[in-house]
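Residues per chain are reported as follows:
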Amino acid sequence: MANMLHQKLVDNGVDLRLKTGLAAITECPIQLTESDNTDDYDKPLSPHFHLQLALSDNTTLATDLVILAIGVKPETSLASACGLELGQLGGIRVDDEMRTSDADIFAVGDAIETADFVTGNPTLIPLAVR
Ligand SMILES: Cc1cc2nc3c(=O)[nH]c(=O)nc-3n(C[C@H](O)[C@H](O)[C@H](O)COP(=O)(O)OP(=O)(O)OC[C@H]3O[C@@H](n4cnc5c(N)ncnc54)[C@H](O)[C@@H]3O)c2cc1C
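As a starting point, this report considers the structure included with it.

Cut-offs used in this document
Residues numbered from 1 in each chain as written. Predicted model: local features only at pLDDT ≥ 70, side-chain atom pairs only at ≥ 80, totals over all residues. Helix = DSSP H or I, 4+ residues; strand = E, 2+ residues; numbered from the N terminus. Buried ≥ 20, exposed ≤ 12 C-beta atoms within 10 Å, placed from the backbone. Contact = placed C-beta atoms within 7 Å. Pairing = 2+ DSSP bridges. Near = placed C-beta within 6 Å. Nonpolar A, V, L, I, M, F, W, Y, C, P; charged D, E, K, R; others polar. Axes fitted to C-alpha atoms, helices over the stretch in contact; angles between N-to-C directions.

1. A few points about the overall build of the protein
Inference 1: What the protein contains, in helices and strands, is two helices and six strands.
Inference 2: Across the protein, helices and strands are ordered from the amino to the carboxyl terminus as α-β-β-β-α-β-β-β.
Inference 3: The burial tally for the protein puts 9% of its 130 residues in the buried class.
Inference 4: Intrachain contacts of the protein at a sequence separation of at least 6 include 30% that bridge at least 24 residues.

2. A word on unusual backbone geometry
Inference 1: The backbone of Asn58 sits at a positive phi, close to 70°, despite the residue not being glycine.
Inference 2: Looking at where Asn58 falls in the secondary structure, it is placed in the loop between strand 2 (48-55) and strand 3 (60-63).
Inference 3: Asn58 gets classed as exposed once you count the C-beta atoms within 10 Å, which come to 7.
Inference 4: Here the phi dihedral of Met98 falls at roughly 65°; this positive angle occurs in a residue that is not glycine.
Inference 5: With respect to the secondary-structure elements, Met98 resides in the loop between strand 4 (92-93) and strand 5 (112-115).

3. A look at the pairing of strand 1 (residues 22-30)
Inference 1: Counting buried residues in strand 1 gives zero out of nine residues, a small share hidden from the surface.
Inference 2: Two elements, strand 1 and strand 2, share eight bridges in a ladder whose sense is antiparallel. Looking at the pairing, Glu27 lines up with Leu51 of strand 2.

4. Overview of the site of the ligand
Inference 1: Near the ligand, the surroundings consist of Leu78, Gly109, Asp110, Pro126, Leu127, Ala128 and Val129.
Inference 2: Here the residues of the shell around the ligand are counted per class, giving five nonpolar, one polar and one charged.

5. Quick word on the sheet that holds strand 5
Inference 1: Strand order in the open sheet made by the three strands is 4-5-6, with mixed pairing throughout. Two strands lie at the open edges of the sheet, namely strand 4 and strand 6 (122-123), each paired on one side alone.
Inference 2: Of the pairings in the sheet, the one linking strand 4 to strand 5 comprises two bridges and is parallel in character. Paired with Arg93 across the two strands is Glu113, which belongs to strand 5.

6. Some remarks on the sheet that holds strand 1
Inference 1: Within the open sheet, the three strands sit side by side as 1-2-3. Their pairing is antiparallel. Looking along the sheet, the strands with just one partner apiece sit at the ends: strand 1 and strand 3. Neighbour-to-neighbour, the strand axes of this sheet turn through a mean angle of 25°, independent of strand direction.

7. Examining helix 1 (residues 2-11)
Along an α-helix, residues three or four positions apart point the same way, because every turn accommodates 3.6 residues.
Inference 1: A small share of helix 1 lies buried, amounting to zero of its 10 residues.
Inference 2: Gly13 occupies a position one or two residues after helix 1 and carries a positive phi of about 85°.

8. Some remarks on the pairing of strand 2
Inference 1: Examined bridge by bridge, strand 2 and strand 3 share four bridges and lie antiparallel to one another. Bridge pairing links Leu51 to Thr63 in strand 3.

Okay, structure coming up:
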């Protein structure tokens, strides 16, 4: 399935780079000329930037816009080291009252695993509004 999607993207001119991470983003000032600016010549040219992206394969890219579409994973090492039970998705398992496997410890936030409101299946909901 993923291969078909990759091929479709490439066929439509997308420069698809798999197994390549983003290592750093640097803001680079660009000097605009009068002709690059709007037709309002009375205003001074405002500073303009583009972004220089350093990739994990030691190549760089220049762009004006970066859209991050990345997942999140609960960081539960502290809870785990304290002996709290984790759920099957790796979050801190809590009950309906946000109580962990230790009755005196409650947990909230991105690190918890609860029952999905609709399906009842274990779920991770990395949102501030739940
Ligand atoms: C780009 C982005 C956009 C988002 N937009 C939305 C949105 O529009 N609507 C929405 O509802 N949610 C949004 N979220 C999700 C929302 O930000 C999180 O769900 C929410 O912040 C989770 O709160 P939290 O307290 O669990 O974790 P966090 O807010 O991540 O807080 C955890 C804190 O614990 C600290 N910490 C971690 N480890 C330790 C340690 N060992 N010792 C001491 N301190 C530690 C961290 O530094 C951090 O300050 C967005 C998230 C991102 C990344």
